[in-house]
Amino acid sequence: MNVLVIVAHPDDEVLGMGGTILKHFTQGDIVTIAYLATGIAARRSTNFQNTTNYKITKNDKLKMKNQIIKLRKDARKACNILKVRKNIFFDFPDNEMDTVPSLEINKIVEKLVKENKPYRIYTSHYGDLNVDHRVVSEAVLSTCDVLSLNVKEIMCFEILSSTESAFPYKFEPNYFINIRKELKQKMKAMQSYKNEIREFPHPRSIQNIENNARKWGTVSGFYAAEAFQIIKKLEK
């Protein structure tokens, strides 16, 4: 089975479904991950920390480009741990994807689907707090709904530190995947993003990643699980 994961930022894929990605590999599936936004420029800083500035100097922009290169290297390390052989990077503006014409983003999604021919697509949740996550989700849903792209399944996942911060909470999982064997590798993959990890009790801490997997495990009867919301499922 061909599987396509479409996210906004590097680390979204691990936070949302790192264990499931590895599980697809062990089942013989082919996983492709596409990152649509740069994932770092919104912080407007040169040290991976957030600032209150919006306008930045040309020198700062150059330094942030180097940060983007570093982040993509981290993404490749994480993908190697999860046995992903193909990842694709785009350059939409970080936390400003709502400023891009939706048609432009939809065309990228359409191209990804036509080139990779996925049976199943995973993406971020449409009710997420982060604007990029919402835009990517909407692009996937609208593109695959309007066009005859032969996608049989679309599933949304939560992204820790963002989805659960939206009030009211809209993520309503109805599909759970057992990641007991994959949980350690998921946490190891997240450690590749050393500039994105935070200390507990931050949602992006390693401890919370484990806690969250255990939480969904208690909901589904597994030792550890990842949760998904089925958006579309076609069956003959």
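Residues numbered from 1 in each chain as written. Predicted model: local features only at pLDDT ≥ 70, side-chain atom pairs only at ≥ 80, totals over all residues. Heavy atoms only, no water.

**Observations regarding empty space enclosed by the protein**
Taken as a whole, this structure holds 1 cavity of 30 Å³ or more when the rule is applied. The computed volume of the largest cavity comes to approximately 50 Å³. Taken together, Leu15, Gly16, Glu158, Lys186, Ile209, Asn212, Ala213, Trp216, Ala225, Glu226 and Ala227 make up the full set of residues lining the largest cavity. Mapped onto the lining of the largest cavity, the elements with two or more residues apiece are α1 (12-26), α6 (206-220) and β7 (225-233). With 4 residues, the single largest contributor to the lining of the largest cavity is α6. Per-class residue counts for the lining of the largest cavity are 6 nonpolar, 2 polar and 3 charged. (1 Å grid on protein atoms, 1.4 Å probe; cavity = no way out; pocket = protein on both sides within 12 Å on 5 of 7 lines; lining within 4 Å. Points joined across faces, edges and corners; volume = space filled by probe spheres on them. Helix = DSSP H or I, 4+ residues; strand = E, 2+ residues; numbered from the N terminus. Nonpolar A, V, L, I, M, F, W, Y, C, P; charged D, E, K, R; others polar.)

**A look at the packing of helix α5 (residues 183-191) against α6**
The N-to-C vectors of α5 and α6 enclose an angle of 150°; their axes lie 10 Å apart at closest approach. Here α6 runs roughly antiparallel to α5, going by the angle between their axes. The way α5 lies across α6 gives a crossing that is right-handed. Within the contact between the two elements, α5 uses Leu183, Lys186, Met187, Met190 and Gln191 and α6 uses Ile206, Ile209, Glu210, Ala213 and Arg214. (Axes fitted to C-alpha atoms, helices over the stretch in contact; angles between N-to-C directions. Parallel < 35°, antiparallel > 145°, perpendicular 65-115°, else oblique. Left-handed = near helix turned anticlockwise from the far one by under 90°. Contact = heavy atoms within 4.5 Å.)

**Some details on unusual backbone geometry**
Here the amide bond leading from Phe167 into Pro168 is cis, since omega sits at 0°, within 30 degrees of zero. For Pro168, the position within the fold is in the loop between β5 (153-157) and β6 (175-178). Put simply, Phe200 and Pro201 share a cis peptide bond, and its omega is 15°. By secondary structure assignment, the location of Pro201 is in the loop between α5 and α6. Even without glycine at this site, Lys117 takes up a positive phi of about 50°. With respect to the helices and strands, Lys117 occurs in the loop between α3 (102-116) and β4 (120-124). A positive phi is found at Ser161, a non-glycine position, where the angle reads about 85°. Positionally, Ser161 belongs in the loop between β5 and β6. In this structure Ser161 comes out as partly exposed when scored by relative accessible area, which is 24%. (Buried < 20%, exposed > 50% of the residue type's maximum accessible area, 1.4 Å probe, protein only.)

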